Amino acid sequence: MQPSRQFSENVYALVECIPKGRVMTYGQIAGLCGNARAARIVGGIAHYGPVSLPWHRVVNRSGGLANGYYGGQEGQKAALVNEGVEVFGDSGDYKVLLETYLWSPNS
DNA sequence: CCATTGACGAAGA
DNA sequence: TTCTTCGCCAATG
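Now for a quick tour of the structure. Source: prediction; values computed, not measured. (Residues numbered from 1 in each chain as written. Chains lettered and ligands numbered in written order. Predicted model: local features only at pLDDT ≥ 70, side-chain atom pairs only at ≥ 80, totals over all residues. Heavy atoms only, no water.)

## Some thoughts on the protein's contact with DNA strand B
- Within the structure, DNA strand B sits among 16 residues, and Arg40, Ala46, His47, Tyr48 and Arg61 are positioned closest to it.
- Among all atoms of DNA strand B positioned within 4 Å of the protein, those belonging to sugar or phosphate total 43%.
- In the environment of DNA strand B, a base nitrogen lies 2.7 Å from a nitrogen or oxygen atom belonging to the side chain of Arg40.
- Separating a base nitrogen of DNA strand B from a backbone N or O atom of Ala46 is a distance of 2.5 Å. (Near = heavy atom within 4 Å. Polar contact = N/O pair within 3.5 Å; in protein donor to acceptor, adjacent residues only side chain to side chain.)

This is the structure:
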């Protein structure tokens, strides 16, 4: 297989596969896609890529919400809360409990 | 085709 | 302990 181009494909598939009420980290997604060091690529794809995917379920390794989300952290936070995820922190520093909401495709 | 970006991660100061 | 810097590699312009 040629994982190179499939990277974005894997990212899209994984993000779409994240069940409601769960989240995944960029690093984990990158690792599952074959490039553990391409965490930025995931974020890059998210930025360049379509908004058609549940990017609001994707958080950074600290469980913090993304910093360039199209609707801002408050938008992503609202989306997560809307799915039953408890979001802690204040404006600009939202975060979720990875211990509780982190999801894995093998799960 | 070349240069720059990018919503991260981990290490260093 | 927090802040800063480097590295990673794909996608966009």
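## Observations concerning the protein's contact with DNA strand C
- Inspection of the region around DNA strand C gives Ser8, Arg37, Arg40, Ile41 and Tyr48 as its neighbouring residues.
- Near the protein, meaning within 4 Å, the atoms of DNA strand C are sugar or phosphate in a fraction of 48%, with bases accounting for the rest.
- Separating a phosphate oxygen of DNA strand C from a side-chain N or O atom of Ser8 is a distance of 3.3 Å.
- The contact in question runs from a base oxygen of DNA strand C to an N or O atom on the side chain of Arg40, over 3.0 Å.
- Residue contributions to the surface near DNA strand C peak at three residues, all from helix α3 (residues 39-48).
- Looking at the surface near DNA strand C residue by residue, the classes come out as two nonpolar, one polar and two charged. (Helix = DSSP H or I, 4+ residues; strand = E, 2+ residues; numbered from the N terminus. Nonpolar A, V, L, I, M, F, W, Y, C, P; charged D, E, K, R; others polar.)

## Quick notes on the packing of aromatic side chains
- Applying the stated rule across the entire model yields one aromatic pair.
- Each ring, one from Tyr69 and one from Tyr70, has its centre 5.4 Å from the other, and the planes form 65 degrees; the classification is edge-to-face.
- By relative accessible area, Tyr69 is classed as buried at 19%. (Phe/Tyr/Trp six-rings, centres within 6.5 Å; stacked < 30°, edge-to-face > 60°. Buried < 20%, exposed > 50% of the residue type's maximum accessible area, 1.4 Å probe, protein only.)

## A word on the nonpolar core
- In terms of nonpolar packing, the biggest core is built from 20 residues, with Phe7, Val11, Val15, Ile29, Val42, Trp55 and Val58 touching the most fellow members.
- Going through the elements one at a time, α1 (3-17), α2 (26-32) and α3 are the ones with two or more residues in this core.
- If one sorts the elements of this core by residue count, α1 sits on top with four residues.
- With sequence-adjacent residues up to four places away left out, Val42 is seen in contact with Phe7, Val11, Tyr26, Ile29, Ala30 and Trp55.
- Within the second largest apolar cluster, ten residues are counted, among which are Val59, Val85, Tyr94 and Val96. (Core = buried A, V, L, I, M, F, W, Y, C linked by side-chain atoms within 4.5 Å. Contact = heavy atoms within 4.5 Å.)

## Thoughts on helix α4 (residues 72-82)
- Among all positions in α4, only Gln73, Gln76, Ala79 and Leu80 are buried. Buried positions in α4, seen along its axis, are confined to an arc of 125 degrees and lie on one side of it. Every exposed residue of α4 that faces more than 90 degrees away from the buried side is listed here: Glu74 and Asn82. (Arc of directions from axis to C-beta.)

## Overview of the pattern of salt bridges
- Considering all chains together, one arrives at one salt bridge under this definition.
- In this structure, Arg57 and Glu83 form a salt bridge, with 2.8 Å as the shortest nitrogen-oxygen distance. Taken as a pair, Arg57 in the loop between α3 and β2 (58-59) and Glu83 in the loop between α4 and β3 (87-88) lie far apart in primary sequence, 26 residues in all.
- Residue classification places Arg57 among the buried positions, given a relative accessible area of 12%. (Salt bridge = Lys/Arg side-chain N within 4 Å of Asp/Glu carboxyl O.)

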